[in-house]
Amino acid sequence: MTATAPSNMDWQRFIETLGEVEVIRDRPQVEKLSKDYYHFSPILQTQLADKTADLVVRPQSEAEVLAVAKACVAARVPVTVRGAGTGNYGQCIPLNGGVILDLSRMNAVKWVKPGMACVEPGAKLAAIDKVTQPQGWELRMYPSTYRTATIGGFIGGGSGGIGSIMYGQLRDRGNLNAVRVVTLEDDPQVIELRGDDVQQVNHAYGTNGIITELEIPLGPVYPWAEVIVTFDDFMTAARFGQVLGNTDGLIKKLISIHAAPIPSYFASLKAYLPDGCHAALLMVAEPSMELFQELVKEFGGTITDHKPAEETGKKTLLAEFTWNHTTLHARNVDPSLTYLQTLFLHDPELQLLQHMYEHFGDEVMMHLEYFRVAGAVVPAALQLVRFSTPERLQEIIEYHEAQGAFIANPHTYILEDGGMKQIDPVQVNFKAQVDPYGLLNPGKMRGWLERTTG
Ligand SMILES: Cc1cc2nc3c(=O)[nH]c(=O)nc-3n(C[C@H](O)[C@H](O)[C@H](O)COP(=O)(O)OP(=O)(O)OC[C@H]3O[C@@H](n4cnc5c(N)ncnc54)[C@H](O)[C@@H]3O)c2cc1C
């Protein structure tokens, strides 16, 4: 059984127990704040479209979060934590009603030291950089939703992004230093987790604790140029990406490779993307540009745009065409498109990648993001899929898996069924300790569902 708000719940009385905490009951607003970007998946669209919370609360401090936690435990009401609601898998959509805990007002950057910042969970990623960059430090990685997403949501539901080519993914040791977490025990408390203990709540979809503060390691600031390179042939573009990734002396933050016809979906980049081209969208440190150009020449690529660091960020960021923004732009043109997330982990010659590219042709359009996995440069594909039926989508997934590609399924809202693939007993045990009534984002953690029903 998953926790559900009691049917005879007296919400007015509940609100009175919250004191000064801001409460939203206006139905259209509650419905809006109950949704994320689940609609990228036609499968999730049908499963989640009617899911809505009963009300939204917007605390401004950890003390207010504790007050909400206390009230929800006393009334046995489900709590779904929300940052900016840009997740793709219905991560912050409440399956059983209850309260949305919107942390967007807890957005302070508390301190910055060389290589480290302490922030509240509702701080937007770009806003954090604005404070830290003048001091010579910046976020090691961020999603393409950099300008809208919160750091709490990135840790709760994200995996990596721009910068992962240097620093790996969020769950890699060293990319999250410490967190403070509010529990949903009978008497809610604040726990500090440091070092490896942070993995108990890192990428847990807010199912086992409300993160109220984070200490995040930073990287040194570079002047990042935005560069577009086009190629006549997709596999040459893919190999260029791999070699650029492996060239440790060239400093880069983004290697995003797109097979035709994907570049045609980027209307505002049209001037730099000739018809039928295959393209690399890149962020390269200015001091590396000279030698980077030699590499482009070696691969027969054409640099069609080079925006120096001081000219970037005036309009749309180039990063806002990469990672899952590629899917967003493509769906703006053709809403029937959906996507896959695939890792080609043991494919240094890109043979399996080439096989998939040729095997599916236009039905599964190849989009790669290079990043680091345990030190090795690997392509993660976020392919665009011409959706026909759920059965065909499943067939495509199974074909990839049968050939040895790793699918992080974006068509499920269950934590372990996406990229994790297995129940993490550390996260489940932590939930048992801090959320004994299973009130946090109920229905999302398979390990908990099997533990309580099995
Ligand atoms: C166009 C597009 C592009 C994207 N690109 C990327 C990308 O490059 N890389 C990537 O990793 N993701 C990407 N995403 C997914 C998403 O934008 C990011 O993961 C983002 O960081 C989520 O932040 P958010 O504030 O919107 O989180 P939300 O969607 O609000 O929450 C995400 C999850 O974290 C939980 N959560 C939120 N705050 C807390 C907290 N304080 N304590 C505990 N749990 C919490 C929520 O309950 C939910 O389960 C993309 C999504 C879209 C729509």
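The residue numbering used here restarts from 1 in each chain and proceeds along that chain's sequence as written. The predicted nature of this model means local features are confined to residues of pLDDT at least 70 and side-chain atom pairs, given and counted, to a pLDDT of 80 or more, with totals for whole chains, interfaces and linings taken over all residues. As a rule here, side-chain values come from all non-hydrogen atoms in the structure, and water together with hydrogens is ignored.

J.: Now, about the pairing of strand β9 (residues 190-194): what can you tell me, with residues and values included?
T.: Between buried and exposed lies partly exposed: a residue is buried under 20% and exposed over 50% of the maximum accessible area for its type, with that area taken using a 1.4 Å probe on protein chains only. Put simply, DSSP marks the helices as runs of H or I at least four residues long and the strands as runs of E at least two long, and each gets a number from the N terminus on. Of the two faces of β9, the one lined by Ile 191 and Leu 193 is fully buried and the one lined by Val 190, Glu 192 and Arg 194 carries no buried residue. Only when DSSP finds a minimum of two bridges between them are two strands counted as paired. As paired elements, strand β8 (residues 178-182) and β9 share 5 bridges and run antiparallel to each other. Bridging across to β9, Ala 178 finds its partner in Arg 194.

J.: I'd love a proper account of the site of the ligand, names of residues and values included.
T.: We call a residue near a molecule or strand when any one of its heavy atoms sits within 4 Å of it. Close to the ligand lie 35 residues, the nearest being Val 81, Gly 83, Thr 86, Thr 150 and Gly 160. Polar contact criterion, stated in full: a pair of N or O atoms within 3.5 Å, where within protein one must be able to donate a hydrogen and the other to accept it, and residues adjacent in sequence count only if both atoms are side-chain atoms. One of the backbone N or O atoms of Phe 154 is found 3.5 Å from an oxygen atom in the ligand. Summarising the interface, the protein chains cover 97% of the accessible area of the ligand, which totals 980 Å² for the free molecule. Among the secondary structure elements, those contributing two or more residues to the shell around the ligand are β3 (79-82), α6 (151-157), β10 (210-220) and α10 (324-333). Ranked by the residues each element gives to the shell around the ligand, the list is headed by α6, at 5 residues. Residues of the shell around the ligand, tallied by class, amount to 13 nonpolar, 21 polar and 1 charged. Throughout, the edges of the domains are those of an automatic or database domain assignment. Counting contributing residues per domain, the shell around the ligand is built from domain 1 (109-220) and domain 2 (224-407), each supplying no fewer than three. With residues, only the protein chains shown are counted as cover, and all accessible areas are computed by Shrake-Rupley using a 1.4 Å probe. Put simply, Ala, Val, Leu, Ile, Met, Phe, Trp, Tyr, Cys and Pro go in the nonpolar bin, Asp, Glu, Lys and Arg in the charged bin, and everything else, Gly too, in the polar bin.

J.: Describe the sheet that holds strand β21 (residues 406-407), listing the residues and the values that go with them.
T.: The sheet built from 8 strands is open, its strands ordered β14-β11-β13-β12-β18-β19-β16-β21 with antiparallel pairing. Both outer strands of the open sheet, β14 (302-307) and β21, are each paired with one neighbouring strand and no more. Where strand β16 (residues 342-343) meets β21, 2 bridges bridge the pair, whose relative direction is antiparallel. The residue bridging Leu 343 from the neighbouring strand is Phe 406, located in β21.

J.: Outline the sheet that holds strand β17 (residues 364-365), listing residues and values.
T.: Strand pairing in a sheet relies on backbone hydrogen bonds. The paired strands run either parallel or antiparallel. With antiparallel pairing, the 3 strands of this open sheet are ordered in space as β15-β20-β17. The open sheet has two free edges, formed respectively by β15 (337-339) and β17, since each of these has just one partner strand. Bridging between β15 and strand β20 (residues 384-386) involves 3 bridges; their strand directions are antiparallel. Considered in β20, the bridge of Leu 337 is made with Arg 386.

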